[in-house]
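Spelled out from the first residue to the last, the chains are:
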Amino acid sequence: MKRIFGVALGILTAIGGFVDIGDLVTNALVGSRFGLSLVWATLVGVVGICLYAEMSGRVAAITGRGTFDLVRERLGPRVGMANLVASFLVTLLTFAAEVGGVALALELATSVNYLLIVPIVGVAIWFVIWRVKFSVLENTFGLLGLVLIVFGVALWKLNPDWGDLFRQISRPHKPTDESLPVYFYYAIALFGAAMTPYEVFFFSSGGVEEKWTKKDIITERVNVFVGFPLGGLLSVAIAAVAALVLLPANIQVDTIGQVGLPVAVAAGKIALAIAILGFVAATFGAALETGLSCGYTVAQYYGWQWGKFVRPKEASRFHLVVLMALIAAVGTVLTTIDPVKITEYSVVFSAVALPLTYFPILVIANDPDYMGTETNGRISNFLASIFLVIIVVASVAAIPLMLYTKAGQ
Amino acid sequence: MSAAREFDLELHLLDRQVVDADGRMVSKVDDLELNLDDGGNPYVTAILVGPRALGPRTGGHLGRWMTAIAARLAGSQDPPRIDFGHVVDIGEEIKLGCRVDDLDVQSLEDWIREKVISRIPGSNHAS
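In short, a report on the structure. (Residues numbered from 1 in each chain as written. Chains lettered and ligands numbered in written order. Predicted model: local features only at pLDDT ≥ 70, side-chain atom pairs only at ≥ 80, totals over all residues. Heavy atoms only, no water.)

## Observations concerning the overall build of chain A
Working step 1: Scanning chain A from N- to C-terminus turns up 16 helices and zero strands.
Working step 2: Reported as C-alpha extents along the three principal axes, the dimensions of chain A are approximately 55 × 50 × 45 Å.
Working step 3: Considering only contacts within chain A whose residues lie at least 6 apart along the sequence, 84% involve residues at least 24 apart.
Working step 4: Accessible surface, chain A as shown: approximately 15200 Å² in total, 70% of it carbon and sulfur.
Working step 5: Computed over 26 positive and 25 negative side-chain charges, the inter-centroid distance for chain A is 5 Å. (Helix = DSSP H or I, 4+ residues; strand = E, 2+ residues; numbered from the N terminus. Contact = heavy atoms within 4.5 Å. Areas by Shrake-Rupley, 256 points an atom, 1.4 Å probe, with all protein chains shown as cover. Lys, Arg positive; Asp, Glu negative; His and termini not counted. Charge placed at Lys NZ, Arg CZ, Asp CG, Glu CD.)

Listed below in structure tokens is the structure:
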């Protein structure tokens, strides 16, 4: 019974924890501009994150080590360092975006300017990381994030022609007023939003925090293969309601309020309030994950004691890195750069950094020295290799497309 | 280490995680100290840790920078060393037979603990 409860809780957390600021903004933005013609990119991204998160979780369960720990061991100090710098910066940028997202969502609820809210959000994040138990932190915000199902309710309330929706998703047509480079630029953004590298750092390090062993692999697999796809469906629902409400009205999403607008139109005030609660939970939860991931990556590279499973005093350097990353993230948002813009860049740079994280995971998951009998099976290697090609193509194409399209204008 | 097992230093030692007798993470094997025995055969005498050991292996500007800052702060060019006699097991992790507090290899951790982390209320409570 306890086991079933644990599995159910894991699935629910995975669903609620899947969506972060990148998914919210990118899906709504793309839905409002491209309708459902880019849902395929989200779906491809979801399959990718399932494959690689499962691998990193399995590696963590068997070896008891986080992803970056093994990155250094496999790639050596030099390439590992280059990888660390790039991954850390992308995670820090995502952290800033999440912090801004929490503040913007609270601005929607309170009408207090978000810049005044940012420092309070910073203190709250630090307090939770400092004092709250890892499993409590993970479960609370994952479960609260589940209220984003309200986007699914809104979609149902809009009473769309489901057959037509399915046709738009399965036979994508680029809208005639958008150019092909812009179309692919946003495909990469959606892909980056679904596969953000910190998710793997956090997932694997979380496995170590919760002391997974070989017998937890089944639970880990169910979480990933059931929870993540259902979380991905939430992403699609966000895009779909934007496509149904905002696209015909010619509204292009550039604020968090516009992400929630279709919910208000379709299902009313209470639904909007629930959606805003969902924004706060999803972005706050992701802020904790990205903040911790900043510490995980650096500490694991250097071999420092890390994690919330020891007293903060015993992992001083780890906690200092997290604290400094938090200060940097809060400072970035306080420069008054629009957090929605930070988010848009963070998902694209995530796409650029993807091979750095995912290639070493694939190598380690195949190494019997580490994995014993739990190395990748043939199917998972076949799919992972295909994804590695997609990841590299997206990574190489991201920056040129960004420059050429002036970041999707 | 009398057991007849062959170790590839680069593959089985360098960049592996070092943990102490209590399972606390100490460092990575940032570099190794080798000596020659009477017959001219090299053998490992110590694990070298910290930026002064890692910097030269990282190379480039960043590596030089890392080494120089650490040397300046510590007032010495020589990295902290863990005598290889402390090593009790070489596997996925390098296990030591002693506690990290008994080794003088974590001056940065100790400094940050003393000056920053332990001054924040709650630093002594596991969460």
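## Side note on the pairing of strand β6 (residues 87-90) of chain B
For a regular strand, the rule is simple: side chains alternate between the two faces of the sheet.
Residue and element names in this part refer to chain B.
Working step 1: Strand direction decides the pairing type here: β6 and strand β7 (residues 93-96), joined by three bridges, are antiparallel. Note that in β7 the partner of Val87 across the bridge is Leu96.
Working step 2: Between β6 and the antiparallel strand that follows it, β7, lie two residues. (Pairing = 2+ DSSP bridges.)

## Considerations on the layout of surface pockets
Working step 1: There is about 1200 Å³ of room inside the largest pocket.
Working step 2: Lining the largest pocket are 37 residues, and of these Tyr302(A), Trp304(A), Pro51(B), Met66(B) and Leu108(B) sit closest to its centre.
Working step 3: If you list the elements that add at least two residues to the lining of the largest pocket, you get α4 (67-110), α12 (256-302) and α13 (316-334) of chain A together with β2 (25-28), α2 (51-58), α3 (60-74) and α4 (107-115) of chain B.
Working step 4: For the lining of the largest pocket, a count of residues per class yields 29 nonpolar, four polar and four charged.
Working step 5: By volume, the second largest pocket is sized at about 1000 Å³.
Working step 6: Along its surface, the second largest pocket is lined by 44 residues, and Gly10(A), Glu138(A), Asn139(A), Glu210(A) and Asn223(A) are the ones closest to its centre.
Working step 7: Where the lining of the second largest pocket is concerned, the elements lending two or more residues are α1 (2-18), α6 (134-145), α10 (197-209), α11 (217-245) and α12 of chain A.
Working step 8: Take the lining of the second largest pocket: its biggest share by element is twelve residues, from α1(A).
Working step 9: By residue class, the composition of the lining of the second largest pocket is 19 nonpolar, 14 polar and eleven charged. (1 Å grid on protein atoms, 1.4 Å probe; cavity = no way out; pocket = protein on both sides within 12 Å on 5 of 7 lines; lining within 4 Å. Points joined across faces, edges and corners; volume = space filled by probe spheres on them. Nonpolar A, V, L, I, M, F, W, Y, C, P; charged D, E, K, R; others polar.)

## Details of the interface of chain B and chain A
Accessible area lost during the coming together of the parts is what is often quoted as the interface size.
Working step 1: On the side of chain A, 35 residues touch chain B, which itself brings 37 residues to the contact.
Working step 2: When chain B packs against chain A, the two sides together hide about 3300 Å² of surface, and 53% of this comes from carbon and sulfur.
Working step 3: Where chain B touches chain A, the interface holds five salt bridges.
Working step 4: As a salt-bridge pair, Lys28(B) and Asp69(A) come within 2.4 Å of each other at their nearest N and O atoms.
Working step 5: Applying the counting criterion to the chain B and chain A interface returns 16 residue pairs in polar contact (both at pLDDT 80 or more).
Working step 6: Of all the secondary structure elements, the ones that give two or more residues to the side of chain B that touches chain A are α1 (9-13), β2, α2, α3 and α4 of chain B.
Working step 7: Looking at the side of chain B that touches chain A residue by residue, the class counts come to 14 nonpolar, 13 polar and ten charged. (Buried area = accessible area lost by both parts, 1.4 Å probe. Salt bridge = Lys/Arg side-chain N within 4 Å of Asp/Glu carboxyl O. Polar contact = N/O pair within 3.5 Å; in protein donor to acceptor, adjacent residues only side chain to side chain.)

## Observations concerning the sheet that holds strand β4 (residues 42-48) of chain B
Residues and elements named next belong to chain B.
Working step 1: One open sheet accounts for three strands, arranged β3-β4-β5; its pairing is antiparallel. Either end of the sheet is taken by a strand with one partner, and the two such strands are β3 (31-36) and β5 (81-83). Here the average twist between neighbouring strands, direction ignored, is 45°.
Working step 2: Bridging between β4 and β5 involves three bridges; their strand directions are antiparallel. Counterpart to Ile47 in the pairing with β5 is Ile82. (Axes fitted to C-alpha atoms, helices over the stretch in contact; angles between N-to-C directions.)

## A short note on the pattern of salt bridges
Opposite charge on two side chains permits them to pair, given that their charged atoms come into close proximity.
Working step 1: A full pass over the atoms with the stated rule returns 19 salt bridges over all chains.
Working step 2: As a salt-bridge pair, Glu54(A) and Arg58(A) come within 2.9 Å of each other at their nearest N and O atoms. Residue Glu54(A) and its partner Arg58(A) are both found in helix α3 (residues 39-63); the two are separated by four residues, about one turn of the helix.
Working step 3: On the accessibility criterion, Glu54(A) (5% relative accessible area) is buried.
Working step 4: Two residues, Arg113(B) and Asp110(B), come together in a salt bridge whose shortest N-O distance is 3.2 Å. Highlighted residues: Arg113(B) and Asp110(B), both in helix α4, separated by three residues, approximately one helical turn.
Working step 5: Since its relative accessible area comes to 33%, Asp110(B) is described here as partly exposed.
Working step 6: Here the salt bridges share partners, and the residues they tie into one network are Arg65(A), Asp69(A), Glu73(A), Arg16(B) and Lys28(B). (Buried < 20%, exposed > 50% of the residue type's maximum accessible area, 1.4 Å probe, protein only.)

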